[in-house]
Amino acid sequence: MTHPHTDFIGFSGKRLQLGVTGSVSAFRAVDVMRRLQRADIQVGVTLTAAAQEFVRPLQFRSLTSGPVYEGLFDSNQAEYAHLEPAQNAHLFLIAPSTANTLAKHTGGIGDDLLSSQLFSFKGPIIHAPAMNPRIWTSLAVQSNVSKLKERGIGIVPPDTGLMACGETGEGRLAEVEEIFLYALKGLLPQELAGQRFLVNLGPTREYWDPVRVVTNDSSGTMGASIALAAWLHGAEVSVVRGPTPYLWLPRFLPTVDVTSAKEMHQACLDLAAGMDIICLTAAVCDYRPVAVQKNKAKKTSLGERITLELEQNPDILADIGRARKPSQYIIGFAAETDDILRHAQDKLHEKHLDLIVANSVTHPGSGFGTSTNQVHLISRCGRRESWPLLAKTEVAMRIIEWFLDHSA
Ligand code: CTP
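Cut-offs used in this document
Residues numbered from 1 in each chain as written. Predicted model: local features only at pLDDT ≥ 70, side-chain atom pairs only at ≥ 80, totals over all residues. Heavy atoms only, no water. Helix = DSSP H or I, 4+ residues; strand = E, 2+ residues; numbered from the N terminus. Contact = heavy atoms within 4.5 Å. Areas by Shrake-Rupley, 256 points an atom, 1.4 Å probe, with all protein chains shown as cover. Lys, Arg positive; Asp, Glu negative; His and termini not counted. Charge placed at Lys NZ, Arg CZ, Asp CG, Glu CD. Pairing = 2+ DSSP bridges. Axes fitted to C-alpha atoms, helices over the stretch in contact; angles between N-to-C directions. Buried < 20%, exposed > 50% of the residue type's maximum accessible area, 1.4 Å probe, protein only. Right-handed = clockwise from strand over helix to strand, strands pointing away. Domains from an automatic or database assignment. Buried area = accessible area lost by both parts, 1.4 Å probe. Salt bridge = Lys/Arg side-chain N within 4 Å of Asp/Glu carboxyl O. Polar contact = N/O pair within 3.5 Å; in protein donor to acceptor, adjacent residues only side chain to side chain. Near = heavy atom within 4 Å. Nonpolar A, V, L, I, M, F, W, Y, C, P; charged D, E, K, R; others polar.

Some points on the overall build of the protein chain
For step 1, the next point in the chain: In terms of helices and strands, the protein chain carries 14 helices and 22 strands.
For step 2, the next point in the chain: Taken over the C-alpha atoms alone, the protein chain extends approximately 80 × 50 × 35 Å along its principal axes.
For step 3, the next point in the chain: A sequence separation of at least 24 residues applies to 70% of the contacts in the protein chain between residues at least 6 apart.
For step 4, the next point in the chain: Only carbon and sulfur atoms are counted for the fraction: they give 52% of the accessible area of the protein chain, which is about 18,900 Å².
For step 5, the next point in the chain: Seen as two clouds, the 39 positive and the 42 negative side-chain charges of the protein chain have centres 3 Å apart.

Things to note about the sheet that holds strand 6 (residues 154-155)
For step 1, the next point in the chain: Reading across from one edge, 3-2-1-4-5-6 is the order of the 6 strands in this open sheet, with parallel pairing throughout. Among the strands making up the open sheet, the edge pair consists of strand 3 (68-69) and strand 6.
For step 2, the next point in the chain: Bridging between strand 1 (residues 15-20) and strand 4 (residues 91-97) involves 4 bridges; their strand directions are parallel. Considered in strand 4, the bridge of Leu-16 is made with Leu-91.
For step 3, the next point in the chain: Its contacts with the sheet place helix 1 (residues 28-38) against strand 1, strand 2 (42-47) and strand 4, and it is angled at close to 175° to strand 1.
For step 4, the next point in the chain: Of the strands in this sheet, strand 1, strand 4, strand 5 (125-129) and strand 6 are in contact with helix 9 (residues 176-187), which crosses strand 4 at around 160°.

Overview of the pairing of strand 17 (residues 329-336)
For step 1, the next point in the chain: Of all 8 residues making up strand 17, 7 are buried, and the element is well covered by its neighbours.
For step 2, the next point in the chain: Inspection of the sheet shows strand 14 (residues 277-280) paired to strand 17 by 4 bridges, in the parallel sense. Paired with Leu-280 across the two strands is Gly-332, which belongs to strand 17.
For step 3, the next point in the chain: Inspection of the sheet shows strand 17 paired to strand 18 (residues 355-360) by 6 bridges, in the parallel sense. What sits directly across from Gly-332, in strand 18, is Ile-356.
For step 4, the next point in the chain: Between the parallel pair strand 17 and strand 18, the chain is carried across by helix 13 (residues 340-350), and the sense of this crossover is right-handed.

Points about the domain arrangement of the protein chain
For step 1, the next point in the chain: Under the domain assignment, the protein chain is made up of domain 1 (4-187) and domain 2 (196-406).
For step 2, the next point in the chain: The distance between the C-alpha centroids of domain 1 and domain 2 comes to 37 Å.
For step 3, the next point in the chain: Summing both partners gives a buried area of about 1,500 Å² for domain 1 against domain 2, and 66% of it is carried by carbon and sulfur.
For step 4, the next point in the chain: Sorting the residues of domain 1 by area buried against domain 2 places His-5, Phe-8 and Lys-185 first, and these three jointly supply 44% of that buried surface.
For step 5, the next point in the chain: Asp-159 is the salt-bridge partner of Arg-251, the closest N and O atoms lying 3.3 Å from each other.

Observations regarding the side chain of Glu-177
For step 1, the next point in the chain: Tracing the chain through its elements places Glu-177 in helix 9.
For step 2, the next point in the chain: Within the structure, the side chain of Glu-177 is placed 2.3 Å from the side chain of Thr-6, a separation counted as a polar contact.

Quick look at the site of the ligand
For step 1, the next point in the chain: What surrounds the ligand is a group of 14 residues, the closest being Leu-280, Ala-282, Leu-317, Phe-333 and Lys-351.
For step 2, the next point in the chain: At 3.0 Å, a side-chain N or O of Asp-286 approaches an oxygen atom of the ligand.
For step 3, the next point in the chain: In the environment of the ligand, a nitrogen atom lies 2.9 Å from a nitrogen or oxygen atom belonging to the backbone of Pro-314.
For step 4, the next point in the chain: Contact with the protein chains covers 77% of the free accessible surface of the ligand, which is 570 Å².
For step 5, the next point in the chain: Taken together, the elements giving at least two residues each to the shell around the ligand come down to helix 12 (316-322) and strand 17.
For step 6, the next point in the chain: If you tally residues by element for the shell around the ligand, the top one is strand 17, at 4 residues.
For step 7, the next point in the chain: Within the shell around the ligand, the residues separate by chemical class into 9 nonpolar, 1 polar and 4 charged.

Observations regarding the sheet that holds strand 18
For step 1, the next point in the chain: One open sheet holds the 8 strands; their spatial order is 13-12-9-14-17-18-20-21, and the pairing between them is mixed. Taken across any chain shown, the strands that pair with only one partner, and hence form the sheet edges, are strand 13 (255-257) and strand 21 (384-386). Averaged over all adjacent pairs, the angle separating strand axes in this sheet is 15°, with direction ignored.
For step 2, the next point in the chain: Two strands pair when backbone bridges link them, and strand 20 (residues 375-379) and strand 21 are joined in this way by 3 bridges, in the antiparallel orientation. Looking at the pairing, Leu-377 lines up with Glu-385 of strand 21.

In structure tokens, the structure reads:
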């Protein structure tokens, strides 16, 4: 399953070699390949002999124009197949990767085509391990994983859950979407490495009795796209998330879940001082009910009218802006219905921001509940740009690029 906030595209020209090894989850390598192709990445494949017991090379050959390798001495393939990915691919991803393949890579054993190809490959290499939980947690495997990580090899942590063998534990192949995101990260320059990046996202909910609530339609897509775009560029990202029950977030984004604006305020302020970059995208409810009833409010008569008295919530962004360190870079969003640029400019100054990203929530295809956005950027030093209607993932990537180009 794909999501609007993971739908990063524009990797055309990038080539990836996908190693597939002998795990029962080998069939999911086809989904990994298809997911990469949706982002315009060209995929070549190397199957070990054990992998071919689970999946057929023809399956991959039918779906990719890239080379599909079956073995060291396969007569149908290039003479120097063991050197080929090193010359042509930008990234080597092994998914699923067995304990045996991890051990061979750690120890420098090249007794088949895949392990031989890894010898000469100088670009980034990522393993997505899959195995029984007792094998995954064994000393031998954990020691090999540590050694590979020390050498800068990427490891997509396996998932926890029910295994094909009936046991439950850590060892399942990670979700396709997570493997895909690790691969994208491997293809991008890590220009935000060492930077701590805070994103808040989604709506807040302000209850006035146990079942009734004041809220808005924010889906969290824009904020999740920014959190991922920052992570893809190497940042250490923390997320504070308002109630977005249908928003999938990968395990690698540490997330604090909150409900109300007050809780979001507290969670963001707790984290903000330790952050280098702060990007607040949440659609925080500006008001909350003054009185919260303990029990469900009952209707007293037919056609009655009631009045809900509201009081103001704290302004998270303004409070963070007020307490900011000069070294921090703060990005805010502005949701407007009219006079967008003037209102956004005012918020930029009033909340002490470096950059404000403004959109018209009434513009078709923009704002809440869409996968696209049309935004205007205004920076503290007076730079202005208006971008066309773009996928929110594209807006997120461009905001990160803007930061990299203009923050120094
Ligand atoms: N924001 C916030 N806390 C609030 C309200 C808004 O942190 N209580 C943040 C939003 O996350 C966004 C920016 O402030 O980054 C602007 O939010 P927006 O809703 O556009 O405007 P408001 O500041 O609420 O002002 P108004 O509703 O009057 O337009």
